[in-house]
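Descriptive structure summary
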Amino acid sequence: MILRTPPKKRKSEPLPAITADNQLVIYEDPNPESPHQVKADFLEALSSNEKEVDSLQSKLEQVNEEMQRKEVESKKFESRLRFVEQELAAAKGREQMLQKQYMKDVTDFQERHQKLLKDYSELEVKLKKEVNIRKNLESTATAAEEKALILEEKLQKLTEIAEREKKHLQNELSYFQNDSRLSVSKINAERELFECRAINAEKEAELFKRQLFELKNQLEECIQKKNEAENKLLSLNVPTQEPNSEGTRIRIKNLQDELRNYESEVQEARKLKSFHANAELLKEKISEERFRREQAEAELIKVQESQTKVDKLQDELMPWKSMIKEIPGAECCEDIPKKFAVMQKELVESMLKVGEVNGRLKELEITLEKALLDKQDAETQLGLAKKKEEEMFLELKRLELTVTSITGERDRLWALIATYEKEAAIAGKMDGTSGTGGADENRVKELELSLAEKEHMVSELEHSFCEQKEVIGNQHREIELLSERLNNEARRIKSLEREGYRLRSEISLLESKLGHGDYSAANTKVLRMANTLGVDNEAKQTIEALRDELQKTQARLKAVEEFKGQTDAGHLVDSSITEKLAELKKQIATLEKREERYKTVFAEKISIFRRACCALFGYKIVMDDQQRPNGIPVTFFTLHSIYAQSDDEKLEFEYESGNTNIVMNTYTSQPDIAQQMEIYVRKWNAIPAFTANLTVESFSRTTIS
Amino acid sequence: MASKTATKDVITLKGSAAIVSEFFGYAANSILYNRGVYPEECFVKVKKYGLPMLLIEDDAVKAFLACLTSQISEWLESGKLQRVVLVIMSKASSEVLERWNFNIETDNEVVEKGVSRAKSDKEIMREIQAIMRQIASSITYLPCLDEPCKGKENASLSLSLSLSLFMCCPFVSGVFDVLAYTDTDLEIPVTWMESDAKLILNPQMVKLHSFDTKIHKVDTLVSYKNDEWDEQ
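What counts, and at which threshold
- Residues numbered from 1 in each chain as written.
- Chains lettered and ligands numbered in written order.
- Predicted model: local features only at pLDDT ≥ 70, side-chain atom pairs only at ≥ 80, totals over all residues.
- Heavy atoms only, no water.
- Helix = DSSP H or I, 4+ residues; strand = E, 2+ residues; numbered from the N terminus.
- Buried < 20%, exposed > 50% of the residue type's maximum accessible area, 1.4 Å probe, protein only.
- Contact = heavy atoms within 4.5 Å.
- Areas by Shrake-Rupley, 256 points an atom, 1.4 Å probe, with all protein chains shown as cover.
- Phe/Tyr/Trp six-rings, centres within 6.5 Å; stacked < 30°, edge-to-face > 60°.
- Buried area = accessible area lost by both parts, 1.4 Å probe.
- Salt bridge = Lys/Arg side-chain N within 4 Å of Asp/Glu carboxyl O.
- Polar contact = N/O pair within 3.5 Å; in protein donor to acceptor, adjacent residues only side chain to side chain.
- Nonpolar A, V, L, I, M, F, W, Y, C, P; charged D, E, K, R; others polar.
- Pairing = 2+ DSSP bridges.

Glancing now at the overall build of chain B. Regarding its fold elements, chain B presents six helices and 10 strands. Residues counted as buried form 52% of the 232 residues belonging to chain B. Taking all contacts inside chain B whose residues are at least 6 apart in sequence as the whole, residues at least 24 apart take part in 69%. Carbon and sulfur atoms make up 52% of the accessible area of chain B, which totals about 10900 Å².

Attention now goes to the packing of aromatic side chains. Residue and element names in this part refer to chain B. Across all of its chains, the model carries nine aromatic pairs over all chains by this definition. Measuring from centroid to centroid gives 5.5 Å for Phe-24 and Phe-102, while their planes differ by 90 degrees, and the two rings are edge-to-face. With Phe-24 in helix H1 (residues 13-34) and Phe-102 in strand E5 (residues 96-106), this residue pair connects regions lying 78 residues apart in the sequence. The exposure class assigned to Phe-102 is buried, which follows from its relative accessible area of 2%. Between Phe-64 and Phe-176, the aromatic rings sit 5.9 Å apart at their centres with planes inclined by 75 degrees, giving edge-to-face as the arrangement. One end of the pair, Phe-64, is in helix H2 (residues 59-78); the other, Phe-176, is in strand E7 (residues 174-183), and 112 residues separate them in sequence. By relative accessible area, which is 3% here, Phe-64 ends up buried.

A separate point is the interface of chain B and chain A. Between chain B and chain A, the residue contacts involve 43 residues of the former and 24 residues of the latter. Across the interface of chain B and chain A, roughly 3000 Å² is buried in total on both sides, 58% from carbon and sulfur atoms. For the pair chain B and chain A, the interface holds one salt bridge. In this structure, the salt-bridge partner of Arg-528 of chain A is Asp-177 of chain B, at a minimum N-O distance of 2.8 Å. Applying the counting criterion to the chain B and chain A interface returns 10 residue pairs in polar contact (both at pLDDT 80 or more). Counting only elements with at least two residues in the side of chain B that touches chain A, the list comes to H2, strand E4 (81-90), E5, E7, strand E8 (192-194), strand E9 (204-212) and strand E10 (216-224) of chain B. If you tally residues by element for the side of chain B that touches chain A, the top one is E7 of chain B, at seven residues. Broken down by class, the residue content of the side of chain B that touches chain A amounts to 23 nonpolar, 12 polar and eight charged. In this sheet, E8 of chain B lies alongside strand E1 (residues 524-529) of chain A in antiparallel orientation, the contact comprising three bridges. When the sheet's bridge partners are listed, Arg-528 of chain A is paired in E8 of chain B with Met-193 of chain B.

Before going further, it helps to examine the side chain of Thr-213 of chain B. All names here are of chain B. Relative to the assigned elements, Thr-213 resides in the loop between E9 and E10. A distance of 2.6 Å separates the side chain of Thr-213 from the side chain of Ser-16, its partner in a polar contact. Among the polar contacts listed, one links the side chain of Thr-213 to the backbone nitrogen of His-216, at a separation of 3.0 Å. Apart from residues lying up to four places away in sequence, Thr-213 is in contact with Ile-11, Ser-16, Ile-19, Lys-119 and Ile-124.

This is the structure we're talking about:
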């Protein structure tokens, strides 16, 4: 405000000191005074006015300067405003760009998320399919493995069977060879026998021939005699007409009787001849029949053996046939190893396929895990983007608020500037009023204050912005670290799950092995109780027998002691006791005699039995009871053949608790005997057959010699 | 029973061995009864583990089982016993039909250092009771072993003449044997000998409950031959 000294009040209308043209107007005082006073007053007023004008001019200049300064400041403010507006526009543009970018990112993330979800669903479907395929393959693989195991076991069994068969056949071959040799030797022996018989039969036949010849001669003689008798009869019949008919009749009768006798003798001779012939025929028939019977018996034995062999072979063939039926495409035994090889190849291929499928499954699982991880990352990034978006929205709002505050300030400033301009204009009009300087200063101060406040706000905002940036950066880093940790933990969890699954499968496998009863021979051995009950039974029986004997002996001792006590005490001896004693003694004597008689009878019977056994079976048996070092009783039997050519030709057997075993000696260690022993005793466990064979051989040897 | 100090819950190695061997004796009797290896009239009822248990009366079998349980107890105290298996076989073909497998895990620290453990007797009895109930209920899923009776008059004769190798069963065509899986360094007693494991080809297995004395842990498992009806 420019203060103006109020003009003096005049009754008349005051004339303006300064016209509109800014020219001085001469003041005409209605009350004229002296011109000198007026002049002095005028000069004073002029000087004061000049002074005022100077001051006003200086003030004006100051105001102008201030105006200029203000203008400059306003320009600055304007430029700053424009700058702020530009910044606002730039911030808006940036914000819009950021918004667009974020929208793009959001859309990208959403698209990626949708793609990931689609991929995830597809992968899940694929995984399910693969899992199903894997399960099927695993089941087929397990079935194939089981089949393979079964087939391998069968193959092993079959190979074992085949080997056993081979061995068996080889043994049989050797047996047959031996048998053939034995049969050849038998046949030779039989042939020799038959030759001897034939010789004997020939001799008998010669004897019979001679007898026959003699009989024939006798017959011829008888026939001759008969013819003579007939001739005599005929000759006698002619002279029957003679009177001595009674004598002739008698003679005829005698001759007839002689004829009859001769006829009877002839008949008897014929009968004898026929009998001899029949006997020879019968003998031949008998020998033939015997031969046939022996052949038939041998063939029967062979047939039985062959039947058993056939049965065995059929039994052995059954598994082969069943295997041929089970194995697809196999028609004969030769196809089996090929089919096995084919099946093994198929199994290997299927195992390879299973391995490949497992590998693919694992790859798929890994991709699935990666997809899940990507999904999680995308979700986290989406979350982060959303958070960023929210933060950006908040920042936008803040910026908008700042913009509104800044626009408000700008308007205020504009208003201030307008008021200032107005005031400046008014001050310019007023020309030199001093009141404008103070208003300008106040405005300047206000503007400066507001500027300082704005600058302070801007610095605070910048500071807070930097802090928030740092905070956001730290949070991003923390989020990244957490996401990495999450991923690692997820991987560890999956690996642990896999390990757990593997361990569970191992446990189930071990439990199945445990249930099956498998064990490690390095750490474990299997034991069971041996013959405890048998031993217990025997022990119990012996214990009971001993106890009974003990009780009996104790009773006897008591009786004896009582008897002794009674005698020692000097009591009268009862006659009944002596009688009892005598009776007991007699009984003892009779029992002893009886025992001796039993012994002799037993010895006789035993000797008879032994002689009968020797005669029937061809072996003298010598029995010898011994005891082993461990206390087990053993009985040794020594067999001497009656056809033995030396004392060394003896067989020794040991009999222990029901088991008979042959003992090796010089005779049995001979190759022929050892071979027979191997076949009959070791293989067939037929000691009677062995001894019978030896008997036949030794008999044939003695008869031949 | 378990050797007890003033406090009931303390269990020593000897006590635990006694508990386990006693359990095996009762379990063997229960199996012989429930599987019909011996006729019902051969058994007498007693109270044990809170249940009515059946014990065989035949002296030969009793003595056999008594000898067995005493040896098992000895081996358990030495920590050398790994498993006890009760095998039921067909008398006709000697084919293994069932294997009752009792797997034993021993706390070696107790065996080496002679320390004791603490566990409630009631809890152990409860666990054993559960196993006994499962053995009794096993007839619901195990295949039948019954075949026509061959004549009871032969029962006593065959039992008295039976060897320990095969406890001849007059009622069914089954026999039983007991196998012990031990450490290889164990000295074989006079009355025992080495044997094969008497395995079953492709068995079916059923795992039963287990009990734990804190010194010996016993797992029970029965494996049996697939019945022809089941295969069909």
